[in-house]
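Below are the chains, spelled out letter by letter.
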Amino acid sequence: MSTRIFVARLAGTSVFDPVGDRVGKVRDVLVVYRKDDPPSVVGLIVEIPGKRRVFLSIGRVTSISTGQIITNGLINVRRFEQRGGEVRVIAELLGRKVVFADGTGEATIEDVAIQESATGEWAVSQLFVRRPKSGASPFGKGQTTFVAWNEVREKQARGEAQSAEQLIAAYSELKPADLANTLLDLPQQRMLEVAEELPDDRLADVLEEMPESEQVQILAQLNDDRAADVLDQMQPDDAADLIAQLSDERGEHLLELMEPEEADDVRMLLSYAPDTAGGLMTTEPIIVSADATVAEGLALIRRHELAPALGAAVCVTLPPYEAPTGRFLGIVHFQRMLRYPPHVRLGTLLDPSLEPVTADTSAAEVSRILASYNLVSVPVVDEKHRLVGVVTIDDVLDYLLPDDWRSQDEDEPVKAPSDETGSIRIVNGRRGGHGTS
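What you see is a predicted model, and the numbers here were worked out from it, not measured in a lab.

Here we come to the packing of helix α8 (residues 236-244) against helix α10 (residues 260-270). Their axes nearest at 9 Å, the elements α8 and α10 cross at an angle of 65°. It follows that α8 is roughly perpendicular to α10 by the angle criterion. In the crossing of α8 with α10, the sense of the turn from one axis to the other is right-handed. Taken together, the residues of α10 that come into contact with α8 (itself represented by Pro236, Asp237, Ala239, Ala240, Ile243 and Ala244) are Glu262, Asp265, Val266, Leu269 and Leu270.

Structure, rendered in structure tokens:
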């Protein structure tokens, strides 16, 4: 008897060719409905390098398991486009309500099992559903059961939004950039439903990885209190980018609802022109005193939630140790910390060759400094030589790349335009951003 495969567990599963080379990872399963039989699996939606979603016909799949999928090596790299009648299981089926044919009530689809027939075709074999909870306990859950496709029928009340909980659960392990791409592939209404169900911190991470038009669209669907909570969770530079796209009235209202410290950082970033170091920087670098030790510095940079570019160095200042700090003393690169015993003071390991830039330094000059000295970050100081932030390499790349760089195919070259003098020219107005990944 062939093995049942649950679709939700396939999300993120690696796809290999016959010789064992990884060609991509599964993002969804595509089915078509049939009149009298359960839906038939027509293929998989696979993400290949370059974040391109392509269609892999089920006929080109030689083996499916929850750990890996093997193909015959032939994959059409044309970007996937959903056709009429096709249904994405994870994106569109999970969370749908069904009614039992025997009249015993309704349930919600939490997973879908597919199974291979003797002819080599795959079809939906069972649904894993959950009935509504029957007790009064707020922590109670309804009973779960397996049902055949013909034992239920779909129910969708007019105007009723489909539950997004199962889709969120299926994609819980995705990195923010991958989840953002997944949401962008969904129908607009479905994308908004899922975004509203995401926790504040998860939604903040996802918004940081989206184009500004979709950021604004999603934020417009949130009430002001929820929107302010999400902005609080975003990196200040990303929050500033987003608020800059809103009307002055709503932007100011959201700033008033945000936590005062977070709002102050965003207001400061909004005061700088977007094509300057002040407009590109993040206001949350790692800041320590000169008496801090190598052990303390390494402990700070190994934090899981820290973006890699921010963890490449620590900034040493006089007190206070929050931007704007006391006088900036210098920077210590993490590789240098690794070369010294844990008890050594960071004040003795400063990089004497790295000069900070001022907040009004042009973005083009910052990019030249990073490229010329092989740096991943450069500190930013004000007129009193106080540290106000750092510009990282991903800030500059995010600024220099075209607005649609997230949706460009892998084989489309990305070129930074140049002016008549041959120097790099800024091609859009984004400040820098750093989602954790």
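Take the environment of His253 next. Along the chain, His253 falls in helix α9 (residues 248-257). According to the relative accessible area criterion, His253 is partly exposed, its value standing at 33%. Considered as a pair, His253 and Ala228 are 25 residues apart in the sequence and their alpha carbons are 9.0 Å apart.

Right, let's get into the nonpolar core. Membership of the largest hydrophobic core comes to 118 residues, with the highest contact counts inside it found for Val112, Leu127, Leu183, Leu346 and Val391. If we skip the residues at most four places from it in the chain, Val112 touches Ile5, Phe6, Val7, Val89, Leu93, Leu94, Val124, Gln126 and Leu127.

A word on helix α7 (residues 224-233). Where α7 is concerned, the buried positions are Arg226, Ala227, Ala228, Val230, Leu231 and Asp232. Tucked inside the fold, the buried residues of α7 contact α4 (188-197), α5 (200-207), α6 (212-221), α8, α9 and α10. Capping of α7 at its N-terminal end is provided by Asn223; its side-chain oxygen lies 3.2 Å from the backbone amide nitrogen of Asp225.

Okay, the pattern of salt bridges next. Enumeration according to the criterion identifies 14 salt bridges in this entry. A salt bridge links Arg96 to Glu154, with the nearest nitrogen and oxygen atoms 2.6 Å apart. Of this pair, Arg96 sits in the loop between α1 (89-93) and β9 (97-100) while Glu154 sits in strand β13 (residues 152-155); the two residues are 58 residues apart in sequence, bridging distant segments of the chain. Connected through salt bridges with shared partners, the residues Lys25, Arg27, Glu47, Arg53, Asp178 and Asp185 form a single ionic network.

Now for the sheet that holds strand β17 (residues 357-358). Ordered by their spatial adjacency, three strands build an open sheet running β17-β18-β19, and the pairing between neighbours is mixed. At either margin of the open sheet sits one strand with a lone partner, and together these are β17 and β19 (387-392). Of the strand pairs in this sheet, β17 and strand β18 (residues 377-381) are connected by two bridges, and their pairing is parallel. Each bridged residue has a counterpart across the sheet, and for Val357 the counterpart in β18 is Val380. Strand contacts of helix α14 (residues 363-372): β17, β18 and β19, with the helix running at about 135° to β18, the strand carrying the most contacts.

Calculation criteria
- Residues numbered from 1 in each chain as written.
- Predicted model: local features only at pLDDT ≥ 70, side-chain atom pairs only at ≥ 80, totals over all residues.
- Heavy atoms only, no water.
- Axes fitted to C-alpha atoms, helices over the stretch in contact; angles between N-to-C directions.
- Helix = DSSP H or I, 4+ residues; strand = E, 2+ residues; numbered from the N terminus.
- Parallel < 35°, antiparallel > 145°, perpendicular 65-115°, else oblique.
- Left-handed = near helix turned anticlockwise from the far one by under 90°.
- Contact = heavy atoms within 4.5 Å.
- Buried < 20%, exposed > 50% of the residue type's maximum accessible area, 1.4 Å probe, protein only.
- Core = buried A, V, L, I, M, F, W, Y, C linked by side-chain atoms within 4.5 Å.
- Polar contact = N/O pair within 3.5 Å; in protein donor to acceptor, adjacent residues only side chain to side chain.
- Salt bridge = Lys/Arg side-chain N within 4 Å of Asp/Glu carboxyl O.
- Pairing = 2+ DSSP bridges.

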